Structures are given as C-alpha cells and as structure tokens.
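This is what each chain is made of:
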Amino acid sequence: MKSKIDALWKWLDERLDLSQIIAFAQHKTVPQHKYSFWYYWGGISLFLFLVQALTGVLLLIYYRPGPEAFDSVRQITYEINFGWLIRSLHAWAANLMVASIFVHMFSVYFMKAYRAPREFGWWSGMLLLMISTVFGFSGYLLPMNELSYFATKVGLEIPTSMPIIGPLIGDIVRAGPEVSEYTLQRFFALHVVVLPALFVPILVFHLWLVQRNGMALPPSEEARPVQERKTIPFFPNFFMKDLAVWLITLNVLALLAVCFPWDLGVQADALKPAPLGIHPEWYFMSAFQILKVFGNLLPGDLGEAMGVGIFTLGIILWMLIPLYDPDSRSGERARHATYFGLLVLAGVIVLTIWGYAAL
Amino acid sequence: MSGTKETVTRRDFLRIILTGVGACYAAAIGYPLWRYLISPAEQAKSLAAVKEVTLKDAHTLAAGSVLMFKFGSHPAMLIHHKDGSWVALDAVCTHLGCTVQYQPDRNVIHCNCHGGEYDAQTGKNISGPPPRPLRPYVVKVIEGGVLVSRV
Ligand code: FES
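Remember, predicted model here, so these are calculated numbers, not experimental data.

1. As for the overall build of chain A
Regarding its fold elements, chain A presents 14 helices and two strands. Each principal axis of the C-alpha atoms in chain A carries an extent, and together these give about 70 × 60 × 35 Å. Counting over 359 residues, chain A shows a buried share of 40%. Long-range pairs, those at least 24 residues apart, make up 77% of the contacts in chain A between residues at least 6 apart in sequence. As presented, chain A carries roughly 19,800 Å² of accessible surface, and 72% of it is formed by carbon and sulfur atoms. Taking the 25 positively charged and 25 negatively charged side chains of chain A as two groups, their mean positions are separated by 10 Å.

2. A short note on the pattern of salt bridges
All names here are of chain A. What the rule picks out here adds up to twelve salt bridges over all chains. Of the charged contacts in the structure, one is a salt bridge between K10 and E14, with a shortest N-O distance of 3.6 Å. In this pair, K10 and E14 are both assigned in helix α1 (residues 2-16), four residues apart and thus about one turn of the helix distant. In this structure, the salt-bridge partner of R15 is E14, at a minimum N-O distance of 3.6 Å. With relative accessibility at 48%, the residue R15 sits in the partly exposed group.

3. Considerations on the packing of aromatic side chains
For any pair of aromatic rings, geometry is given as the distance between the ring centres together with the angle between the planes. For the structure on display, the rule yields 34 aromatic pairs over all chains. Taking 5.0 Å as the distance between ring centres and 80 degrees as the angle between the ring planes, the aromatic pair formed by A:Y62 and B:Y36 counts as edge-to-face. One end of the pair, A:Y62, is in helix α3 (residues 40-62); the other, B:Y36, is in helix α1 (residues 2-37), on a second chain. For A:Y62, a relative accessible area of 12% translates into the label buried. Overall, B:Y36 belongs to the buried group, its relative accessible area being 0%. Through successive ring pairs, a cluster of aromatic residues spans A:F106, A:Y109, A:F110, A:Y114, A:W122, A:W318 and A:F340. Stacked on the ring of A:F234, the Lys or Arg A:K28 has its end atom at 5.5 Å from the ring centre.

4. Describing the packing of α3(A) against helix α5 (residues 83-110) of chain A
If you want to describe how two helices pack, look at the angle between their axes and the distance between the axes. Residue and element names in this part refer to chain A. In the contact formed by α3 and α5, the axes pass within 8 Å of each other and the chain directions differ by 155 degrees. One way to sum up the angle between α3 and α5 is to call them roughly antiparallel. As α3 runs across α5, the sense of the crossing is left-handed. In this structure, α3 uses W41, G42, I44, S45, L48, F49, V51, Q52, T55, G56, L58 and L59 to contact α5, whose residues at the interface are I86, R87, L89, H90, A93, A94, L96, M97, S100, I101, V103 and H104. Looking at side-chain class alone, the contact of α3 with α5 contains 15 nonpolar, eight polar and one charged residues.

5. Comments concerning the sheet that holds strand β5 (residues 101-103) of chain B
Residue and element names in this part refer to chain B. Strand order in the open sheet formed by four strands is β5-β6-β7-β8, and the pairing between neighbours is antiparallel. Among the strands making up the open sheet, the edge pair consists of β5 and β8 (125-127). For this sheet, the mean angle separating the axes of adjacent strands, direction not counted, is 40 degrees. Where strand β7 (residues 117-119) lies against β8, two bridges are found, and the strand directions are antiparallel. Note on β8: the bridge partner recorded for E117 is S127.

6. A few points about the environment of B:P136
Residues and elements named next belong to chain B. Mapping P136 onto the fold places it in strand β9 (residues 136-142). For P136, a relative accessible area of 38% corresponds to the partly exposed category. The sequence separation of P136 and K124 amounts to twelve residues, and the corresponding C-alpha distance is 9.6 Å. Residues within four places of P136 in sequence aside, it is in contact with A88, L89 and V151.

7. Some thoughts on the sheet that holds strand β4 (residues 86-90) of chain B
Sheet strands pair via backbone hydrogen bonds, and the direction of the pair is either parallel or antiparallel. All names here are of chain B. The strand order across the open sheet formed by six strands is β1-β10-β9-β4-β3-β2, and the pairing between neighbours is antiparallel. In this open sheet, the two edge strands, each paired with only one partner strand, are β1 (52-56) and β2 (65-71). Averaged over all neighbouring strand pairs, the angle between strand axes comes to 25 degrees, with direction disregarded. Sheet analysis places β1 next to strand β10 (residues 145-149), joined by five bridges and oriented antiparallel. Bridge pairing links V53 to V148 in β10.

8. Focus: the pairing of β2(B)
All names here are of chain B. Where β2 meets strand β3 (residues 74-80), seven bridges bridge the pair, whose relative direction is antiparallel. Within the sheet, the bridge partner assigned to S65 lies in β3 and is H80. The hairpin turn running from β2 into β3, its antiparallel successor, is two residues long, and G72 in that turn takes a positive phi close to 70 degrees.

9. Observations concerning the state of the cysteines
Tallied over the full model, the rule gives one disulfide over all chains. There is a disulfide in this structure between B:C98 and B:C113, and the S-S distance comes to 1.9 Å. Measuring the twist about the S-S bond at about -95 degrees, one finds the B:C98-B:C113 disulfide to be left-handed. Here the residue B:C98 occupies a position in the loop between β4 and β5, and B:C113 occupies one in the loop between β6 (108-110) and β7, the gap between them amounting to 15 residues. There is no disulfide at A:C259, and the cysteine sulfur nearest it, in B:C24, is 19 Å away.

Rules used throughout
Position numbers for residues start from 1 in each chain and track the written sequence from start to end. Following the order in which they are written, the chains are lettered starting with A and the ligands numbered starting with 1. Only residues with pLDDT of at least 70 get local features here, since the model is predicted, and only at 80 or more are side-chain atom pairs given and counted; chain-wide, interface and lining totals rely on the full set of residues. Side-chain numbers here rest on the full set of heavy atoms in the structure, without hydrogens or water. Note on conventions: DSSP H or I runs of at least 4 residues are helices, E runs of at least 2 residues are strands, and numbering of each starts at the N terminus. Whether a residue is buried, partly exposed or exposed follows from its accessible area with a 1.4 Å probe, protein chains only, as a fraction of its type maximum: under 20%, in between, or over 50%, in that order. In this analysis, two residues are considered to be in contact whenever any of their non-hydrogen atoms come within 4.5 Å of each other. Only the protein chains shown count as cover for residues, and all accessible areas are computed by the Shrake-Rupley method using a 1.4 Å probe. His is not counted here, nor are the chain ends, while Lys and Arg score as positive and Asp and Glu score as negative. Where a charge lies is defined by one atom per residue type, namely NZ (Lys), CZ (Arg), CG (Asp) and CD (Glu). Take a side-chain nitrogen of Lys or Arg and a carboxyl oxygen of Asp or Glu: if they are within 4 Å of each other, that pair is a salt bridge. Between 30 and 60 degrees the pair is tilted, below 30 it is stacked and above 60 it is edge-to-face, where a pair is any two Phe, Tyr or Trp rings, Trp via its six-membered ring, whose centres lie within 6.5 Å. Counting as a charge over the ring demands two things of the Lys NZ or Arg CZ atom: a distance within 6 Å of the ring centre and an angle within 35 degrees of the ring normal. What counts as an axis is a line fitted to C-alpha atoms, over the stretch in contact for a helix, and the angles between N-to-C directions run from 0 to 180 degrees. Working definition: roughly parallel below 35 degrees, roughly antiparallel above 145 degrees, roughly perpendicular at 65 to 115 degrees, and oblique for all remaining angles. Left-handed is the label given to a crossing in which the near helix is rotated counterclockwise from the far helix by less than a right angle, and right-handed is the label when the rotation is clockwise. Three categories are distinguished: nonpolar for Ala, Val, Leu, Ile, Met, Phe, Trp, Tyr, Cys and Pro, charged for Asp, Glu, Lys and Arg, and polar for the others, with Gly belonging to the last. If DSSP finds at least two bridges between two strands, the strands pair. Only a pair of cysteine sulfur atoms within 2.5 Å counts as a disulfide in this structure description.

These figures come from the coordinates and say nothing about function on their own.
Written out as structure tokens, the structure reads:
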C-alpha cells in the first residue's frame with residue numbers, strides 16, 4: 001500500500017514538480033509580532049468570497065430572474081430542502097465579507113503596508129472592495145421584495161440626479177425611469193457574470209502580489225534590528241493557523257445564518273406605499289449621509305454635486321496614499337498619513353451612526 | 001524510551017480526534033448540500049406517489065379523441081374510443097422514453113422517435129423497438145369528470 005502511494009506520488013511529482021512547491025512553501029516565512037493578528041483578515045475575506053461563490057452557484061440552481069423572481073426566492077426559502085440555509089449563508093457572508101475587507105483595508109493602512117513596493121496591492125485591493133460593494137448593491141435587488149425594490153430605487157436616485165451623466169446612468173443602469181424587470185435582469189447579469197469575471201482576475205493578481213512581496217512589516221517592527229525579528233514558517237505553521245481562523249469564520253457564519261435566518265420580506269409592488277425605514281446597506285450609509293448633509297446645507301443640485309465631489313475626492317486621496325507616503329520610517333509624512341487614516345475611520349463611523357440615527 | 005512511546009500515542013489520539021471532527025464538518029456541510037440538490041427529485045417522487053387523479057370535465061371528451069394529462073409528474077393519455085370504451089395508458093415510450101401519440105385514423109399509438117407502435121386498446125407493443133407494453137390505468141367515468149387510478 002505504502003509503496004503504491006509512494007509510486008503515485010513519484011509519478012505526479014515527476015510531472016508537476018510537487019516537491020518543489022512544498023519545499024518552497026516550507027522555506028517561506030511569515031513575520032511574527034504583536035500586530036500579527038491583523039494578517040488574517042485578508043484570508044478571512046478570501047474565505048468568505050469562496051463561500052459566496054459556492055452558495056451563489058447553489059442559489060443560481062433555483063433562482064429565476066424575471067417576473068417570477070420573488071416567487072423563486074420564496075420557493076428557495078420555504079420549499080427547497082435547506083434552501084433557507086443556503087440563502088441565509090449567502091446574505092450573511094456578503095455582509096461579513098464587506099466588513100472583513102474593511103478591517104483588512106484599515107489594518108493595511110495603519111500598518112503602512114501600502115508603501116513601496118506594495119502600491120499595486122493597495123490599488124487592486126481597493127478595486128476589489130469597490131466591486132464587492134457593487135456585488136452587494138446588485139445582489140440586494142434580486143429577491144425583488146419591498147425592501148430591496150425601494151432601497152434600489154432610492155440608491156439609484158442619487159447617481160441619476162447628477163447633472164449631465166445622471167440621465168445616462170438612469171438609462172443604462174436602471175434601464176428607464178423606474179426600477180423594473182429590466183433593471184432586475186441586468187442586475188442579475190451583472191451580479192452573476194460581469195462582476196465575478198472582473199473580480200476573480202483582480203483577486204488572483206492581488207494574491208500573486210502578496211506572494212511576490214511577502215507580508216509587510218509595520219514601521220515599529222521595521223525599526224528593530226533584523227536579528228530581533230521573529231518569523232514562523234508559512235507551511236505548516238501559518239497555514240494551519242490560517243485554516244483555524246477559517247474554521248472559526250465558518251462557525252460564526254453558520255451560527256449567524258441559522259440563528260438569524262434572512263427574511264424573505266413581502267413581494268415588491270410599485271403601487272403600494274414604501275414601508276418605513278428604507279435605507280441603504282450599512283456599507284453605503286456613510287456615503288449616503290454625506291450626500292444628505294450637503295443636500296441640506298446647500299440648495300438643490302449644488303449641494304448634491306458638492307457631496308458627490310467631496311466623497312469622490314476623499315476616495316481618490318485614499319487611493320493615492322502610497323504615492324504621498326511612499327516610504328518614511330515614522331517620519332513627518334508617515335505621521336500625517338496616520339492622522340488622515342484616523343480621521344477617515346472616525347468620519348466613516350460617525351457618519352454611519354448618524355445615518356442610522358437620522359432614519 | 002517510554003517518552004517516545006507516549007508521544008506516538010498522543011499523536012495517534014490527536015489524529016483520531018482531528019479525523020472525527022473533520023468527518024463531522026464534512027457531514028454537516030455535505031448533508032444539507034445533498035438534500036438541497038435532490039429537492040426537486042424528492043418532490044417529483046412524492047408527486048409520483050399519487051394513487052389517482054380526477055380529470056375534471058373529461059367525460060365530455062369526444063369519441064375517437066385523446067386527452068394528454070399528468071399522472072403525478074408522469075405523462076399519461078386518456079383515450080375515448082369510437083366504440084365508446086375508455087382507456088388510460090402511460091404516455092412514455094418503453095423504448096427510450098419519448099412521449100407517444102395516439103393516431104385516431106389508424107387507431108394505434110405511435111412513437112415518433114424510432115417508430116414504435118402500441119395497441120390503442122391494451123397498450124401492447126405491436127411493432128418497432130419498444131420492449132414492453134404501455135402501463136394501463138383503471139378508468140372510471142364519474143359525475144363531472146373521469147377518475148384515473150393505478151391498477
Ligand atoms: S423511444 Fe419510442 S420508439 Fe424509441
């Protein structure tokens with residue numbers, strides 16, 4: 001038996017260079033220090049994305065866009081064995097994935113892992129976050145219940161009321177003046193074909209960069225002499241820890257999905273008055289609140305344009321941070337970048353809470 | 001010496017525990033997944049378990065014509081013959097499963113896929129590739145319709 005397995009291994013190894021890969025993984029090391037905890041959040045995000053891909057394909061087996069959309073989601077929830085569980089997992093993992101990407105982004109920011117040579121890691125990561133929020137926005141409409149219908153209606157009101165490009169967005173994204181079956185159908189195409197096709201190659205690029213550049217050291221660790229820095233082997237030590245974290249994530253996700261199954265809601269009806277408390281998903285709340293504040297501050301289109309302008313400027317600055325703070329060991333600029341990061345983090349939190357309070 | 005022995009047993013113990021936990025996870029993921037995927041097949045099976053169906057208003061079916069219907073999830077046909085008799089048969093060809101068709105002019109049941117033919121009274125396979133007769137049902141004309149049940 002053992003010799004058979006050895007023979008098979010040899011056969012595979014000769015053709016696929018497996019032992020080289022293993023030797024490589026054993027030599028690869030991961031830094032170990034008091035901020036190591038934050039290294040796991042990229043992996044958690046990746047795990048949740050894999051959950052999304054799997055549960056998404058499973059939902060696709062029974063979901064039908066078009067006039068039957070709500071009814072097919074009702075069937076999944078109440079008639080298909082464990083359909084409620086798959087759907088609940090997909091909805092919960094979506095939110096957890098965006099949340100863990102946020103944690104990952106801010107930890108990368110404050111550990112200054114965006115500095116040379118890791119700029120492309122930062123930029124590709126930002127792209128992945130943006131695509132994730134579009135995933136969330138488009139997926140939210142698919143059940144075509146009251147909440148998703150009106151939230152999409154309100155959400156699209158903002159970009160479509162912008163001067164010049166607004167009407168264009170209305171025609172292309174919403175497919176007309178109202179959220180309709182046409183909107184649903186193109187959100188569906190976006191959600192299951194276009195976005196995955198964009199997301200996966202960028203994700204592969206992102207992971208390849210992590211492999212190429214290794215884990216970044218925070219400035220405080222960099223300041224230490226090389227002999228004093230600790231590392232652990234990637235394989236099996238870090239790999240096992242990563243696996244354990246994935247298992248914890250899976251348990252948390254399963255617990256949430258089972259204890260708080262996602263609501264089916266009521267079928268959308270354009271002629272019925274909107275229910276109370278229509279609001280965007282939490283990850284859009286801060287942006288939504290900025291627009292609201294400026295809309296109240298300044299009259300008409302001007303306020304809205306200002307809000308959109310400020311928000312866009314903020315994102316551009318945030319993306320360009322590797323160029324502004326390229327490499328400086330806890331010097332002037334690095335400190336400015338930290339203050340800017342704290343300001344952004346506080347701003348996002350305050351605006352989100354404010355947004356919910358003002359509902 | 002005894003030290004090494006102990007480590008080996010501890011290792012084995014750990015391996016058993018880990019395998020057990022792994023198996024639990026595999027089952028906890030695999031079972032719902034499997035049930036989710038076979039859901040429609042299960043529903044079809046419970047549909048197929050029906051004992052009888054009532055075809056409303058089918059008693060008005062003209063002599064020499066046919067009514068296609070579903071017995072559970074299974075295609076079936078009700079023929080009202082010119083001599084006034086009623087026959088209900090499976091409509092799935094016993095060769096490779098095509099849906100068969102009643103031809104009133106020749107009074108046979110014909111399968112378009114490979115030209116199999118059945119007797120329209122008994123369902124017996126009379127020519128072509130079909131290996132078995134079509135399964136008959138019991139027909140009873142009742143008030144307001146026709147009752148078809150399993151033999
Ligand atoms: S399937 Fe009917 S004759 Fe072949």
